[in-house]
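Structural characterization, general
In case you want the letters, here they are:
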Amino acid sequence: MQEGRILSTREINRDLLRSILESPRWFWPVVAVLGLILLVASIAIGIMVNRGLGVTGLNRPVAWGFFITNFVFWIGISHAGVMLSAILRLAKAEWRRPATRAAEVLTLFSLMTAMIMPIVHTGRPWRILYWVFPYDFARGIWPNIRTPLVWDPSAILTYLTSSTLFVIIALVPDFAVLRDHTTGVAHRVYTLLAMGWEGNARQWKLQIIAGVLLSALILPVFVSVHSIVSWDFGMAVAVKTWHSTVFAPYFVVGAVHSGVSAVAFVLILLRWCYGWQDYIRHEHIDALGRLLIVVATGWFYFLVMELLFGMYGREADELAVRALQFTSWPYNAWFIVFVVTTYFIPVALWLSRAWRRNLWIMSIACISVNIGMWLERFLIIVPGLVNKQVFTFTWADYAPSPFEIIIVGATFALVTMLMLLFSRVFPLVPLYDVKEGDILKTEVQIGRRTVPATFRED
Amino acid sequence: MVTSRVDHKWGMVVDLDRCNGCQACVVACQVENNLPINDKNAFLQSRAYEWIRIERYWEGEYPNIKARFIPVLCQHCENAPCEPVCPVYATYHNDDGLNVQLYNRCVGTRYCINNCPYQVRFFNYWQPNWPERLQNQLNPDVSVRTRGITEKCTFCIQRLRRAELKVERQGGGKLNDTTLKAGNYMPACVQACPTNALVFGDQNDVQSPIQPYFDDVNRYDVHHEHERKTRGYRLLEEMNTKPNLIYLKKVEPNSVKGEHHG
Amino acid sequence: MKLTRRNFLAWAGLSAVGAVACDVIQEEELILQSPRDLPEDLVKGRDNWYATLGRQATGGDGVIVRVMEGRAKKIQGNPKYPVNLGKQSVRTEGGLQALYHPDRISGPLLRTGPRGSGQFRAIEWEPEALDILKRELRARGQGMVLITEPLRGHLGMIAERFADALGGKHLGFETLDDTTYRAAVKEVFGQDLLPDFDIANANYVLSFGADFLSTWGSSTRLSTAYGEFRQGIGRERRGTLVQVDPRFSLTAANADQWLPIKPGMEGYLALSLAYVIISEGLQASGADIDRLTDGQGAAILNAYNPETVAPLLELPAQLHQGKSAADFIRELARNFAGHHPCIAIGGDSAGAHTNGFFNLQAIYVLNYLVGSVGEKGGIRFNPGSPISVLPAFAKVGSLQDWVEVANDIRSGHTRLALIHEADPVHGLPASVGFAGALDRDDLFIVSFSPFLDETSIMADLVLPDRVFLEDWGSDIPEPGPGYQVIGMQQPVVNPLSDLNPRSFGDLLLSMAQELGRETTLPWSGVEAALKESVEALYNLGQGTSTLVDSAGALWNLMLQQGGWWNEDATGPKPGVPAGLLNRITAQGNEPGFAGSGDFYLLPFAHNSLLDGRNAHLPWMQAAPDPITTVTWQTWVEVNSRRAAELNLREGDVVRVESAAGSITALVYPNPALPPDVVAVPLGQGRRNGSHYASGGDRRESSNVIDLLSSDTTNRTETGALAWAGNRVRVVATGESIRVSKFEGIFPAREIAITAGEEIIKVTDH
Ligand SMILES: Nc1nc2c(c(=O)[nH]1)N[C@H]1C(S)=C(S)[C@@H](COP(=O)(O)OP(=O)(O)OC[C@H]3O[C@@H](n4cnc5c(=O)[nH]c(N)nc54)[C@H](O)[C@@H]3O)O[C@H]1N2
Ligand SMILES: Nc1nc2c(c(=O)[nH]1)N[C@H]1C(S)=C(S)[C@@H](COP(=O)(O)OP(=O)(O)OC[C@H]3O[C@@H](n4cnc5c(=O)[nH]c(N)nc54)[C@H](O)[C@@H]3O)O[C@H]1N2
Ligand code: SF4
Ligand code: SF4
Ligand code: SF4
Ligand code: SF4
């Protein structure tokens with residue numbers, strides 16, 4: 001049973017299409033600022049590619065740093081979309097409805113952003129062709145399928161494709177609505193995208209089945225993607241703290257943790273920006289909060305296991321890295337911040353029903369989680385390299401250069417900008433899904449039997 | 001390209017009891033293999049290139065203190081962790097069992113650098129450059145690397161190829177153990193080393209001076225180290241990278257640490 | 001609104017793309033490369049290896065040089081050359097960078113600005129440069145001074161004769177000169193030539209200060225011997241090396257035991273060992289104690305009995321836990337004398353104190369006691385030159401001589417200075433006032449250096465010489481391998497077209513002709529002189545000469561194998577000089593130190609830069625110091641505990657102040673240095689010439705020579721500079737610079753199972 005008033009279709013269309021049909025005053029200034037940040041970052045990248053990676057803080061033995069950290073972070077964020085849409089859809093969780101679209105879109109954009117990182121971090125990005133695509137068989141240049149660096153792109157591209165399909169399927173009915181509300185060029189474009197949607201029973205049926213099928217198919221992909229990303233580290237035998245067996249599940253849960261938090265935050269933002277109080281309602285955020293308590297605790301278990309196993313082997317070089325993480329500045333400070341922000345602060349906040357329904361507190365909790373999760377990746381990747389192996393003679397520290405900081409910072413601007421621009425052209429809260437959800441609350445009497453107004457997803 | 005190859009299994013023995021840390025091998029390698037000049041920043045940024053390096057370890061306290069020198073170069077692992085992780089096969093095992101680096105192909109992911117337990121892979125963070133006139137010295141047999149790629153010790157493969165050509169020209173047929181012993185092929189660092197701490201040879205050659213050490217170490221694995229008859233061991237043996245280098249332990253009459261279990 | 005949006009998007013997009021595309025792809029990326037083949041697999045063209053001599057290294061190694069298409073590519077040890085047997089030192093390859101150095105002087109220069117300003121005008125060799133040279137030689141030849149690097153072989157002979165012929169004098173310059181060592185060898189063994197040490201066959205080496213694994217003596221040769229000494233095939237026991245040294249030198253680092261003795265007390269320890277050996281009758285069977293001591297035996301050494309000497313040595317108590325310092329000395333004596341064959345070596349700082357001459361004599365006399373003089377596994381002496389015309393050792397000036405040269409210039413007696421490959425302005429203590437002496441208008445200075453340095457910048461006329469890879473020459477290596485060797489130096493490449501140097505030797509010879517001195521210098525060029533000597537060698541009919549049947553064939557063979565040698569012509573086995581010990585004990589005196597201050601200053605020759613002669617070669621600058629791994633900078637080693645007490649951290653800029661002056665350097669806390677000693681390497685602190693040598697921040701590039709007091713109280717008994725006899729204060733400046741060292745930022749000590757520990761294996765001895 002859901003709360004909130006029942007809205008007429010006209011209302012829904014008016015509200016949810018507001019973001020597209022007229023743009024709020026703050027919109028373009030914000031986009032402009034973001035664009036400026038991106039411009040600076042692209043110049044930084046230009047210089048970096050031209051001069052060489054010397055402009056970063058990387059060295060020997062710390063050959064991976066901020067870029068890879070950020071890559072893993074965005075992959076993590078991307079896990080929210082499918083997590084919510086697919087699982088909740090299969091689980092028929094009613095409250096999911098307004099959240100799904102924003103979640104899925106966030107998946108797409110964070111995936112795209114994540115993919116930028118490993119490319120700019122390579123020494124010769126323009127030669128990526130060599131490995132992602134075996135472009136010339138005659139000369140025998142096949143990619144090396146034994147390396148996680150080839151598993152990565154395959155997994156991520158698969159995930160990207162399926163998520164895109166997922167989004168489009170869900171969008172078709174809304175395209176139709178948009179088609180009916182626009183004129184001129186926009187009208188023609190939406191007509192094309194709507195693919196002749198009329199909303200008849202057969203189309204609805206196919207659309208819903210497609211959605212359910214995709215949900216089921218996409219779940220294994222979503223689990224595999226972050227497992228494979230984790231193997232970039234798990235398979236690296238030479239770096240003690242990377243070569244951990246628990247990484248795959250640990251990373252997946254971590255990803256869900258940060259991803260769902262991110263989605264919750266985005267929803268709160270949308271509600272605030274476009275005044276969608278009637279669609280993104282407190283009970284939605286509440287539900288996400290409750291889900292997050294479970295996810296966070298699961299993640300915390302893995303964290304403890306990871307450290308426990310690390311210690312258990314009692315190998316001097318592994319202990320040396322742990323010592324670096326726990327005892328030596330600045331890593332020890334970051335480590336405390338990481339654990340507190342990722343688990344204790346948010347969970348403490350989520351435990352109270354009242355706070356779960358307080359959007360400000362919720363936002364703080366969700367941001368806190370993602371600060372922590374970014375640090376988690378950093379604290380996994382860098383210390384393991386700083387104290388690499390037993391050759392204490394060559395141990396060297398790492399500090400990011402302005403270039404790395406700018407480029408990493410810009411990825412956040414990029415995702416935000418893409419989300420905003422998207423909200424300009426497509427509804428970020430699925431019209432039909434919401435309508436459907438409301439319609440389902442109304443039932444019709446036929447003789448003695450009560451039948452739903454429309455058939456349900458099953 | 002030399003077509004016909006004899007089955008060699010190149011290997012090196014590093015006698016830590018001979019090495020005196022003089023650095024001659026380091027410079028010899030830099031000269032032979034066109035290593036970029038390490039300016040002050042290379043050291044300040046800990047990005048200096050030394051395909052072979054001398055690690056200095058302190059042991060004990062003044063006045064009973066010792067400095068220990070270990071030459072570390074690519075171990076040419078049979079089971080090289082750097083190889084499977086390279087997406088483009090830029091680093092691979094060649095016909096002679098060397099771990100070689102194909103600079104043209106490297107895209108600079110630096111994964112191999114992370115996955116090399118011995119830290120002997122070097123990334124070109126900047127474009128290497130030499131003053132106009134110094135370029136006359138560059139070895140034409142060795143590619144000059146560009147920025148954004150990884151480089152490493154190749155066991156001086158270009159010298160191996162020259163040796164094969166030379167032997168073939170001399171009508172000696174293929175490079176074989178005898179022609180090898182005639183001093184036709186020696187890596188630059190081995191040739192330079194004044195104390196003969198570095199010995200190079202063919203593990204397939206029964207007469208090779210490195211043979212007894214490889215036999216011994218191969219016979220008794222890391223778990224039976226104490227049964228070994230020689231001072232031989234492999235670096236990070238427990239990682240099972242199966243290096244083609246063997247180290248001979250330093251002999252320490254009056255150790256400042258007392259008896260060592262090894 | 002719409003319009004602005006479109007503009008904005010277009011603008012943002014375009015500039016972003018532009019930024020990324022801004023000549024991102026550099027030219028070499030566009031070169032078509034084979035993604036399949038390893039370029040190293042496809043070596044093309046022929047290369048040739050030419051034998052010649054390596055001038056970059058000390059002790060005169062023979063090298064072979066790889067030449068392809070007229071360019072020298074690689075230098076490495078000449079396998080046939082008796083001194084270094086195909087091996088080399090860290091310095092050997094430097095010659096290549098000297099050859100192709102960007103800062104080489106391309107042609108003759110004439111001073112235009114004030115002296116030392118570095119303002120020169122390029123002039124032509126013919127006629128201008130040569131006319132000036134001729135004019136000045138005519139006008140000022142009488143009393144002129146010819147300053148060169150230590151020269152042996154033909155160039156040494158030519159320089160010597162040239163100076164004589166013009167009524168001037170020739171002096172070889174060396175920053176850390178070996179005059180005291182040479183005098184001690186003369187006194188103890190009656191030999192003019194420095195000996196060779198048969199470490200390879202020794203069982204026990206007791207070295208006092210001599211850093212023979214790094215820079216002292218024929219270090220390449222001795223390193224090879226050291227390898228055999230440790231693990232030589234067919235040795236029944238591993239040699240034991242004990243280093244008595246107030247500084248933790250590379251040799252100390254490799255020693256089985258390091259004895260940080262009080263600076264300058266080496267002689268006392270040596271005589272104390274002699275006392276124990278004689279009084280306990282540990283001497284070798286053949287040792288003639290009576291003759292050594294005029295029949296007085298151990299009595300003559302009573303003053304040096306362990307009880308008396310032990311307290312003076314200030315050996316750290318931790319060294320002899322359990323036993324008394326005196327017993328420790330006794331044990332050392334027993335070990336030394338008990339491991340035949342054994343050698344006592346002395347050099348470097350041991351001989352550079354006010355009592356350095358005494359120290360070295362006291363050390364070397366030990367070899368008589370243990371019977372290793374002229375024996376296998378002992379000290380072997382070198383025969384003279386096979387042909388009389390060639391000097392077998394270089395004439396090197398001691399501090400005394402340089403003070404005289406400076407005075408001659410000031411007094412106007414010397415009005416012309418010819419300087420070749422020597423940098424006395426950088427290498428002599430400021431207090432000698434050599435730079436001041438050169439800076440006189442009535443003095444004309446001709447430099448033949450291919451590079452500008454502190455001295456050649458003072459020249460009126462610079463006539464750049466060819467570097468050794470471009471020139472003829474010869475060498476009688478010193479210390480030699482124990483038999484007669486003449487090394488052959490041939491040009492392996494021609495100078496690059498944009499360079500126009502002229503051979504120093506040829507120049508002197510042609511000048512001699514012009515000035516009518518052909519009686520003493522009859523040759524048209526160095527090559528001609530070499531040919532004549534080869535003729536003489538052939539007629540000698542010994543060694544290499546026996547392998548060929550004509551002088552021409554010998555010439556070719558010598559070019560091929562890099563020289564001439566005769567393993568049968570070995571050096572003498574000196575007899576015991578009567579009453580030697582009496583004389584030495586009589587000289588016994590403790591070292592004096594210039595200046596006050598709580599640290600002894602121990603300067604030392606840089607492993608790759610030496611005294612600074614290699615400072616312009618980037619490879620040499622970038623070669624890490626073996627102990628500290630520091631590069632490109634001047635550091636001062638301070639005991640790490642002491643540094644902590646004085647709260648000096650690595651990289652702190654400190655001012656080191658002595659009686660003579662003060663320099664700045666970066667602190668390197670060294671866990672293995674006596675608390676009352678600071679050590680500073682030579683080599684940096686150049687202010688003129690190549691930017692590789694002089695580019696450094698002044699705070700991190702200093703010349704330690706400036707700290708050395710040169711007043712008469714601070715000389716060895718032979719008049720050489722007592723460069724180890726200074727006390728200094730270390731004052732923090734508050735500034736700090738990162739040390740450009742190769743080791744990582746964490747202290748390289750072992751964590752439980754590191755490579756560091758893995759390499760240690762204890763065996764009972
Ligand atoms: N020393 C030691 N030994 C262990 C363990 C240990 O901890 N220490 N762990 C044990 C444990 S827990 C396990 S699970 C086992 C794992 O042992 P294995 O099951 O052997 O594990 P893998 O080598 O990962 O997989 C086996 C093969 O499956 C192939 N493969 C991959 N994908 C597919 C596919 O889609 N289809 C098919 N047909 N093949 C595919 C892989 O290429 C590989 O060759 O190892 C056990 N052995
Ligand atoms: N990188 C990587 N990750 C993997 C896999 C992989 O092949 N590579 N395989 C996956 C698979 S199939 C599995 S089953 C899991 C296995 O994951 P894990 O259970 O972590 O397997 P291990 O790493 O073999 O063992 C973990 C720790 O147990 C310690 N240990 C050994 N003996 C004992 C004991 O008697 N008692 C206790 N308490 N501890 C002990 C070991 O020292 C080790 O540190 O990893 C999965 N993840
Ligand atoms: S030592 Fe490192 S680089 Fe060399 S083969 Fe082994 S893993 Fe590869
Ligand atoms: S850095 Fe080059 S060699 Fe190393 S893994 Fe990446 S592509 Fe391969
Ligand atoms: S084998 Fe050749 S490449 Fe390798 S370290 Fe020695 S000299 Fe350098
Ligand atoms: S050259 Fe030989 S002795 Fe010198 S550091 Fe290298 S390995 Fe050691």
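All of the points below concern the structure found in this document.

Concerning the overall build of chain A
Each helix and strand counted, chain A has 17 helices and two strands in total. Across the 458 residues that make up chain A, the buried fraction comes to 61%. Pairs at least 24 apart in sequence give 79% of the contacts found in chain A among residues at least 6 apart. Accessible surface, chain A as shown: approximately 18000 Å² in total, 71% of it carbon and sulfur.

Some remarks on the packing of helix 2 (residues 27-51) of chain A against helix 16 (residues 402-425) of chain A
Residues and elements named next belong to chain A. As a packed pair, helix 2 and helix 16 sit with axes 8 Å apart at the nearest point and diverge in direction by 140°. Classified by the angle between their axes, helix 2 and helix 16 sit oblique to one another. Handedness of the helix 2/helix 16 crossing: left-handed. Tallied by class, residues from the contact of helix 2 with helix 16 come to 22 nonpolar, three polar and one charged.

Quick word on the sheet that holds strand 18 (residues 483-489) of chain C
All names here are of chain C. Spatially, three strands are ordered 17-18-19 in an open sheet, and the strand pairing comes out antiparallel. Because the sheet does not close on itself, it has two edges, and the strands there are strand 17 (473-475) and strand 19 (563-570). Taken over all neighbouring pairs, the strand axes of this sheet differ in orientation by 15° on average, direction set aside. Sheet analysis places strand 18 next to strand 19, joined by five bridges and oriented antiparallel.

Observations concerning helix 17 (residues 504-514) of chain C
Residues and elements named next belong to chain C. Phe504, Gly505, Leu507, Leu508, Leu509, Met511 and Ala512 are the residues of helix 17 that are buried. Along its buried surface, helix 17 packs onto helix 4 (125-140), strand 6 (145-148), helix 5 (153-165), strand 14 (416-420) and helix 18 (526-540). Where helix 17 begins, the capping side chain belongs to serine 503, and its oxygen is found 3.3 Å from the backbone nitrogen of glycine 505.

Considering the packing of helix 3 (residues 66-77) of chain A against helix 9 (residues 201-234) of chain A
Residues and elements named next belong to chain A. Two numbers describe how helix 3 lies on helix 9: the axes approach to 10 Å, and their chain directions differ by 165°. Here helix 3 lies roughly antiparallel to helix 9, going by the angle between them. Note on packing geometry: the crossing formed by helix 3 with helix 9 is left-handed. Residues Ile68, Phe71, Val72, Ile75 and Gly76 of helix 3 lie in contact with helix 9, whose contacting residues are Val225, His226, Val229, Asp232 and Phe233. Of the residues assigned to the contact of helix 3 with helix 9, the class counts are seven nonpolar, two polar and one charged.

Some details on the pattern of salt bridges
Across all of its chains, the model carries 69 salt bridges over all chains by this definition. Of the charged contacts in the structure, one is a salt bridge between glutamate 55 of chain B and arginine 53 of chain B, with a shortest N-O distance of 2.7 Å. The class for arginine 53 of chain B is buried, based on a relative accessible area of 0%. Arginine 182 of chain C is paired through a salt bridge with glutamate 478 of chain C; the nearest N and O atoms lie 2.8 Å apart. Placement of the pair is arginine 182 of chain C in helix 6 (residues 179-189) and glutamate 478 of chain C in the loop between strand 17 and strand 18, with a sequence separation of 296 residues. Accessibility assignment for this pair places arginine 182 of chain C and glutamate 478 of chain C in one class, buried. Members of the salt-bridge network, linked through shared partners, are Asp17 and Lys250 of chain B together with Arg230, Arg238 and Asp256 of chain C.

A short note on the site of ligand 6
With respect to spatial proximity, 13 residues lie near ligand 6, and among them Cys19, Cys22, Cys25, Cys193 and Thr195 of chain B are the closest. Here the residues of the shell around ligand 6 sort into nine nonpolar, four polar and no charged.

Describing the site of ligand 3
Around ligand 3 sit 14 residues in total, of which Cys74, Gln75, Cys77, Cys82 and Cys116 of chain B are the nearest. Looking at the shell around ligand 3 residue by residue, the classes come out as nine nonpolar, three polar and two charged.

Remarks on the interface of chain C and chain B
Taken together, the contacts link 115 residues of chain C with 95 residues of chain B. Carbon and sulfur atoms make up 54% of the area that chain C and chain B hide from each other, which totals about 9100 Å². For the pair chain C and chain B, the number of links is nine salt bridges. For aspartate 47 of chain C, the salt bridge is made with arginine 162 of chain B, and the minimal N-O distance between the two is 3.7 Å.

A few points about the nonpolar core
Grouped together as the largest cluster of nonpolar side chains are 310 residues, with contacts concentrated most on Met12 and Phe155 of chain B together with Phe248 of chain C. Counting residues per element, this core draws most heavily on helix 15 (residues 359-386) of chain A, at 16 residues. Beyond its immediate sequence surroundings of up to four residues, methionine 12 of chain B is in contact with Leu73, Phe155, Cys189, Val190, Leu198, Val199, Phe200, Phe214, Asn244, Leu245 and Ile246 of chain B. Within the second largest apolar cluster, 80 residues are counted, among which are Leu292, Phe328, Ala337 and Ala344 of chain C.

The rules behind these values
- Residues numbered from 1 in each chain as written.
- Chains lettered and ligands numbered in written order.
- Predicted model: local features only at pLDDT ≥ 70, side-chain atom pairs only at ≥ 80, totals over all residues.
- Heavy atoms only, no water.
- Helix = DSSP H or I, 4+ residues; strand = E, 2+ residues; numbered from the N terminus.
- Buried < 20%, exposed > 50% of the residue type's maximum accessible area, 1.4 Å probe, protein only.
- Contact = heavy atoms within 4.5 Å.
- Areas by Shrake-Rupley, 256 points an atom, 1.4 Å probe, with all protein chains shown as cover.
- Axes fitted to C-alpha atoms, helices over the stretch in contact; angles between N-to-C directions.
- Parallel < 35°, antiparallel > 145°, perpendicular 65-115°, else oblique.
- Left-handed = near helix turned anticlockwise from the far one by under 90°.
- Nonpolar A, V, L, I, M, F, W, Y, C, P; charged D, E, K, R; others polar.
- Pairing = 2+ DSSP bridges.
- Polar contact = N/O pair within 3.5 Å; in protein donor to acceptor, adjacent residues only side chain to side chain.
- Salt bridge = Lys/Arg side-chain N within 4 Å of Asp/Glu carboxyl O.
- Near = heavy atom within 4 Å.
- Buried area = accessible area lost by both parts, 1.4 Å probe.
- Core = buried A, V, L, I, M, F, W, Y, C linked by side-chain atoms within 4.5 Å.

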